[in-house]
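Close look at the chain arrangement
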Amino acid sequence: MPSTLSPYDPSSRASLVSALRAAGCVFAEDEAELILAAARTPQEAAAMADRRAAGLPLELVLGWAEFAGLRITVAPGVFVPRRRTEFLVRQALAEVPDARVVVDLCCGSGAVGAALAAALGPVELHAADIDPAAVACARGNTAAADGRVHEGDLFEALPPGLRGRIDILAANVPYVPTGEVGLLPAEARDHEPLVALDGGTDGLDILRRVAAEAPRWLAPGGRLLIETSERQAPAATEAFTAAGLSTRLAVDDELYAQVVIGTRTG
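So, here is what we can say about the structure in this document.

Cut-offs applied
Residues numbered from 1 in each chain as written. Predicted model: local features only at pLDDT ≥ 70, side-chain atom pairs only at ≥ 80, totals over all residues. Heavy atoms only, no water. Axes fitted to C-alpha atoms, helices over the stretch in contact; angles between N-to-C directions. Helix = DSSP H or I, 4+ residues; strand = E, 2+ residues; numbered from the N terminus. Parallel < 35°, antiparallel > 145°, perpendicular 65-115°, else oblique. Left-handed = near helix turned anticlockwise from the far one by under 90°. Contact = heavy atoms within 4.5 Å. Nonpolar A, V, L, I, M, F, W, Y, C, P; charged D, E, K, R; others polar. Buried < 20%, exposed > 50% of the residue type's maximum accessible area, 1.4 Å probe, protein only. Arc of directions from axis to C-beta. Pairing = 2+ DSSP bridges. Right-handed = clockwise from strand over helix to strand, strands pointing away.

Below, the discussion takes up the packing of helix α5 (residues 86–95) against helix α6 (residues 111–120). Direction vectors running N to C along α5 and α6 enclose 40°, while the axes themselves pass 10 Å from each other. By the angle between their axes, α5 is oblique relative to α6. Seen along the crossing, α5 lies across α6 with a hand that is right-handed. Judged by residue contacts, Leu88, Val89, Ala92 and Leu93 of α5 engage Val112, Ala115, Leu116, Ala119 and Leu120 from α6. Here the contact of α5 with α6 is composed, by residue class, of nine nonpolar, no polar and no charged.

See below:
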């Protein structure tokens, strides 16, 4: 790749596009534009393109991911938020538009919590993850909402004072079956933490744990929302119902998104 790449030189853009396309990037033109916009120097653009061509996810090359209209900072070793998870955010906002206490469990970058807080206005926002790298990243992404980010295993990380007070409990838990992690695209398999992907034998180990304990943390009328797959949706819904939650499944065919929603009644 030429070392004289410049965002003002059309031939440099063509060189970027050509290199990215040769590396198998389907949206090479769009990616080239993003790289050129982010790079401070031609040399930096070339280095970013090299990293992308070597298989690094575009979001990690840029240092951010677009999510629900926000620019979410991402870092190496942190799960990159997926566009389909915006459906979970939209469902949460539709279910509890006046939520005042929001928790983003298994928060990763904190994208879900940040998006909910941005839409709801002033809220008491908490996020938690077992991975220190994710916690550090989420602290930056939720700072504008005065989010409090906790490190630990699921509910053990949360302040006890949240019990019975949570209006929206969003948990984008890992749900890839252990035996299928190796089948994931290389961008996820090689660059994202296993703890954010592996959901156990059938992919629902963490979901079941969250569903079982959620009723003790939700406020009356509070909602638990977890993303799952079409194949896992019946068993996921059953886990919510077994926990005593009033349950429904929301589906977005365009995004291939399935979100199980449980309400604490009474």
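Listing the buried residues of helix α2 (residues 28–38) in full gives Ala28, Glu31, Ala32, Ile35 and Leu36. Projected onto a plane normal to the axis of α2, the buried residues spread over an arc of 135° and lie on a single side. In α2, the exposed positions that point more than 90 degrees away from the buried face belong to Asp30 and Ala37.

The next thing to look at is the pairing of strand β5 (residues 148–151). In the case of a regular strand, side chains alternate between the two sheet surfaces. Alignment of strand β4 (residues 124–129) against β5, held across four bridges, turns out to be parallel. In the sheet register, Ala128 faces β5, and the bridge partner there is His150.

Attention shifts here to the pairing of strand β3 (residues 101–105). Across the five residues that make up β3, a large majority, five, are buried. Both faces of β3 are covered, namely the face carrying Val101, Val103 and Leu105 and the face carrying Val102 and Asp104. Considered for its hand, the β-α-β crossover made up of β3, α6 and β4 is right-handed.

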